[in-house]
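The lines below spell out each chain.
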Amino acid sequence: MRNEDGAPVRLEDYRQTDFAIRHVDMTIRLFEGHADITTRMDLSRRDGADVTAPLMLDGDELVLTGLSLGDEPLDAARFDAGPDGLTIRDLPATGEFRLTIGTRVVPETNTKLMGLYRSNGIWCTQCEAEGFRRITYFLDRPDVLATYRVRLEADRNAAPVLLANGNPVEGGPLPGASEGGDPADALRHFAVWDDPFPKPSYLFAIVAGRLDSLHNSYTTASGRDVSLTIYTEPGLAERAGYAMDALKRSMRWDERRFGREYDLDVFNIVAISDFNMGAMENKGLNVFNHKYVLLDPDTATDADYAGVETVIAHEYFHNWTGNRITCRDWFQLCLKEGLTVYRDQEFSSDERSRPVKRIASVHGLKANQFPEDQGPLQHPVRPVAYREINNFYTATIYDKGAELVRMIATILGQDAFRKGMDLYFERHDGDAATVEDFIACFEDASGADLTQFFLWYRQAGTPQLEVRQIFDETSGRLTLELRQSLQAGAAGTGTLPMHIPVRFGLVGRNGGDLAPALHSADTRVEADVIHLTQEQATIVFEGLDERPYLSILRDFSAPVQLAYKESSQDRLALARLDPNPFGRWRALTDMVGDALAAAVRSGGAGTPDERMLDAMVEAAQDEALEPALRAQMASLPGEAEITRLVADNVDTDRVHDVRVEMLAALGHRGKAAFERLRAALDTQEAFSPSADSAGRRALRNTLLAPLSAALGTSELAQEAFAASRNMSDRLAALTVLAHQFPEDAATRQALAAFYDRFEEDPLVLDKWFMLQASAPHAGTLARVEALVAHPKFRLANPNRARAVLAGVAGLNPYVFHQADGAGYRWMAGMLAELDALNPQTAARMATAFRSWRSMEPGRRAAAQEALRQLQARPGLSRDLKDILDRTLA
Ligand code: TRP
Ligand code: ZN
């Protein structure tokens, strides 16, 4: 039950419900303009529960149309019904009883996209986290598990397809008047679905509408046949082929890697245009933002292909980590999300390239989670209080949560990790579990004590890891000193030393890992992992002829801020020599990031270190590395990333200038090599979405930006745009045009040509909107005003709203943080409008303000003013208010 407005829900207040719901039987009748829902549930008091306690069901904007106990309508004196809840008194003290509840909702006006709503005419539902209570009164919390049987009725023409969780049982036309039925039912039909697996209400789903489909089948390891179908809006099913392939590969991978098989006869996916997040793992009926299903080479980039593969896998993997084993309460959200992100990352690593995937994940973690962990929205991976649970689907829960699982695997080793996972599946199948339950499985399977490790779930913030090395030539000894520290932040959680697994290597002067003898250590060192458990540790190696290069925190073995004052020589050497590819990337990007941040702080780029630029050029050409990795090593961080690296007193105009200068310097330095590479990579091969092909395109397209910056003209990008035969190449060229040459006539023409070609394709049009909103130049805010007035702009569509709002506030610090505060004011105005339609998406977009305190004083004051004005508006949603209150606190 939700607390009174303003009062947070607290973990320490958790207690079981007095009542259990064993089975739910629903009939949902869909009409134009409304839906009637009849929910019959079999309840009983739990053992030991208060026999006089009333039943208090959750509701949200509901209208009660009927209520019976057993076969009798309930006397009005025994219940209180309101939009937010239904309380029933004097229910039987013992035994099972049946309640039947009628509700009526209006899907057509549901712009929050939570509960039952319509997207382009299609009826669909979103129930996580608290959407089921917008369909019927219920104990809408994840520890109430029931089996569901659902009957859907709708017009045959408006909704030929009727889907729900579980397996299909029966269906057909409703009897019309001639068959003795209701004459109004003549054109209607029904379907019944049965889900035998007990589940929490947040996994409930139905979909109904005119849908096309792509069908396939899968035989599980034990020989069971599963029917697979992906449903799309009419005419788009052929774009679901790659998603279907990714689904089948996910199913196979989960069998091989984790021994997990699928458990129903059918697995259905529906692609929806209006969707708040990426996708949703409803049992047997995953509902997706169509962005993560629909692809073809002409409309989707390689990044889109990778995104589809990841999200398809993620939702499929939830069937075990989330559905078969769910969360006891929403404080345990990382139990399913962090673990499932870890699983989808491992899948992508196995299907594509492990180092490239790891670099991408670490890059994402630093861009999204680090700022959250170091700002006003900080919270531990396992929070202890929330005002609005929608606001806790965060990078900390998902991505840092995944890092914690990864650290458990590093600490225990792969074999013991797998044993722990096996025990978790065996012990908790069918449960609503806690993080403690999960950790206990690894302790019991391995004998390890993870008490200290558990601090990672409780303590918010990014620990700092300081590293020093001292080499003594005469003794041939290398001393490593490690020290950890954690600053108290907004969450007010502890700062105790944690268990930090530090993977490392000692690289010889000519390359290759050295394996010197350990002389002494005051902490555990196992093969290539130092277990830092105290505040500091000293480790001494001996028998070294020369000082090796220290490759520290390999594969980013812990989510820490590395403070290591290694010399430029060491970084350059590691960038070339480290046998660990992640280590090569880490050394070079740290060097580039530090150089950019220093230039911003000192007020000008000066002359960038030529050896550093040469190392980037060399990496781009290094045939020993896969092209995708070469692209990662040769690209400059974006302005948002540099803004984060500068960290305080930021002037985003300087960030912009410094980056422009560095990009041109890189282009000059690498001109001949980059041109050669671009020509060599320009094969005429047919498009393949494979990671290898995508990597070659990524490298070729990465070089376009520095080359164009060095040339100072848009010619190269114009040629690339004209020659492009797939969306990756086309968008890369158009981005260079719009971001580097905004005033060129050629840019205007290219943008217009792109629009004309893709006007009817919403996913491509999102790219067109975002590309312009993220252009770092003075005219952007005026352009953005025109974009939101464009006939194709629709604030109620989350993808479209995100394209423009996050295009400015997330991807374009030059404009969002512009010194006169106009960017902040524009964003605040948009948030107010969006909040009235879709609070969840408004609140998510508002998190762009989280780093306002890291700006220089003028911008800081302007941001604070815009935030305060927004906060003072009457009628804000709980979602947006929660974010604003915490951001300003
Ligand atoms: N559980 C979903 C996932 O991570 C995400 C999700 C949570 C969601 N809340 C949502 C999706 C609200 C849509 C709307 O896979
Ligand atoms: Zn998830």
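Placed above this text is the structure.
Keep in mind the model is a prediction, meaning the values are calculated, not measured.

Asks: How do you make sense of the packing of aromatic side chains when you look at a structure like this?
Replies: Where two aromatic rings form a pair, the distance of their centres and the angle of their planes describe that pair. In total, this model carries 38 aromatic pairs according to the counting rule given. Their ring planes at 40 degrees and their centres at 5.8 Å tell us that tyrosine 305 and phenylalanine 687 sit as a pair that is tilted. On the criterion of sequence distance, the pair formed by tyrosine 305 in helix 2 (residues 302-317) and phenylalanine 687 in the loop between helix 14 (652-680) and helix 15 (691-702) is long-range, its members being 382 residues apart. Overall, tyrosine 305 belongs to the buried group, its relative accessible area being 5%.

Asks: Where do I start with the pairing of strand 16 (residues 206-209) in this structure?
Replies: A regular strand places its side chains on the two faces of the sheet in alternate fashion. Both faces of strand 16 are covered, namely the face carrying Ile206 and Ala208 and the face carrying Val207 and Gly209. Strand direction decides the pairing type here: strand 11 (residues 122-126) and strand 16, joined by two bridges, are antiparallel. Considered in strand 16, the bridge of tryptophan 123 is made with alanine 208. Here four bridges tie strand 13 (residues 161-164) to strand 16, and the two strands are oriented antiparallel to one another. If you follow leucine 163 over to strand 16, its bridge partner there is valine 207.

Asks: Just checking my understanding: could you explain the site of ligand 1 for this structure?
Replies: Taken together, 15 residues lie near ligand 1, and Glu128, Glu281, Glu315, Glu337 and Tyr398 sit nearest. In the model, an oxygen atom of ligand 1 is placed 3.5 Å from a nitrogen or oxygen of the alanine 279 main chain. In this structure, tyrosine 398 approaches ligand 1 through a side-chain N or O atom, which is 2.6 Å from an oxygen atom. Compared with its free state, where it exposes 370 Å², ligand 1 has 97% of that area covered by protein. Taken together, the elements giving at least two residues each to the shell around ligand 1 come down to strand 20 (279-280), helix 2 and helix 3 (333-351). Across the shell around ligand 1, the residue classes tally to six nonpolar, four polar and five charged.

Asks: Explain the packing of helix 4 (residues 354-373) against helix 12 (residues 627-634) here, please?
Replies: When two helices pack together, you describe them by how their axes are tilted relative to each other and by the distance separating the axes. Running from amino to carboxyl end, helix 4 crosses helix 12 at an angle of 30 degrees, the nearest separation of the two axes being 9 Å. Between helix 4 and helix 12, the angle is such that the two are roughly parallel. Along this stretch, helix 4 crosses helix 12, giving a crossing that reads as left-handed. Of helix 12, the residues touching helix 4 (which contributes Val356, Ile359 and Ala360) are Ala628, Leu629 and Gln632.

Asks: Please clarify how the coordination of the zinc ion (ligand 2) should be interpreted in this entry.
Replies: Octahedral six-donor coordination of a metal ideally yields angles of 90 or 180 degrees, compared with 109.5 degrees for tetrahedral four-donor coordination. Distances from the zinc ion (ligand 2) to its protein donors, His314 (NE2), His318 (NE2) and Glu337 (OE), fall within 1.9 to 2.1 Å. If you list the donors of the zinc ion (ligand 2) from N- to C-terminus, the spacing comes out as H-x3-H-x18-E. In this structure histidine 314 comes out as buried when scored by relative accessible area, which is 7%.

Asks: It is not clear to me how the nonpolar core should be interpreted in this structure. Could you clarify?
Replies: Within soluble globular proteins, side chains that are nonpolar generally end up buried alongside one another. Counting 282 residues, the largest nonpolar core has Phe204, Phe438 and Tyr457 as its most contacted members. Ranked by residue count, the leading element in this core is helix 5 (residues 395-412), at 10 residues. The residues contacting phenylalanine 204, other than those within four sequence positions of it, are Met26, Ile28, Thr125, Cys127, Phe132, Ile135, Tyr148, Val150, Asn165, Lys199 and Asn282. Formed by five residues, the second largest nonpolar core is a distinct cluster that contains Val507, Tyr549, Ala573 and Ala587.

Asks: Just checking my understanding: could you explain the side chain of arginine 45 for this structure?
Replies: Within the element layout of this structure, arginine 45 appears in strand 3 (residues 34-45). Of the side chains bearing the opposite charge, aspartate 50 lies closest to the buried arginine 45, which forms no salt bridge; the N-O distance is 5.7 Å. At a separation of 3.0 Å, a polar atom in the side chain of arginine 45 contacts the main-chain carbonyl oxygen of aspartate 50. From its side chain, arginine 45 meets the backbone oxygen of proline 92 in a polar contact 2.9 Å long. If we skip the residues at most four places from it in the chain, arginine 45 touches Asp18, Phe19, Asp50, Val51, Thr52, Ala53, Leu91, Pro92 and Ala93.

Rules of the game
- Residues numbered from 1 in each chain as written.
- Chains lettered and ligands numbered in written order.
- Predicted model: local features only at pLDDT ≥ 70, side-chain atom pairs only at ≥ 80, totals over all residues.
- Heavy atoms only, no water.
- Phe/Tyr/Trp six-rings, centres within 6.5 Å; stacked < 30°, edge-to-face > 60°.
- Helix = DSSP H or I, 4+ residues; strand = E, 2+ residues; numbered from the N terminus.
- Buried < 20%, exposed > 50% of the residue type's maximum accessible area, 1.4 Å probe, protein only.
- Pairing = 2+ DSSP bridges.
- Near = heavy atom within 4 Å.
- Polar contact = N/O pair within 3.5 Å; in protein donor to acceptor, adjacent residues only side chain to side chain.
- Areas by Shrake-Rupley, 256 points an atom, 1.4 Å probe, with all protein chains shown as cover.
- Nonpolar A, V, L, I, M, F, W, Y, C, P; charged D, E, K, R; others polar.
- Axes fitted to C-alpha atoms, helices over the stretch in contact; angles between N-to-C directions.
- Parallel < 35°, antiparallel > 145°, perpendicular 65-115°, else oblique.
- Left-handed = near helix turned anticlockwise from the far one by under 90°.
- Contact = heavy atoms within 4.5 Å.
- Donors = N, O, S within 2.8 Å, 3.2 Å for Na, K, Ca; no water.
- Core = buried A, V, L, I, M, F, W, Y, C linked by side-chain atoms within 4.5 Å.
- Lys, Arg positive; Asp, Glu negative; His and termini not counted.
- Salt bridge = Lys/Arg side-chain N within 4 Å of Asp/Glu carboxyl O.

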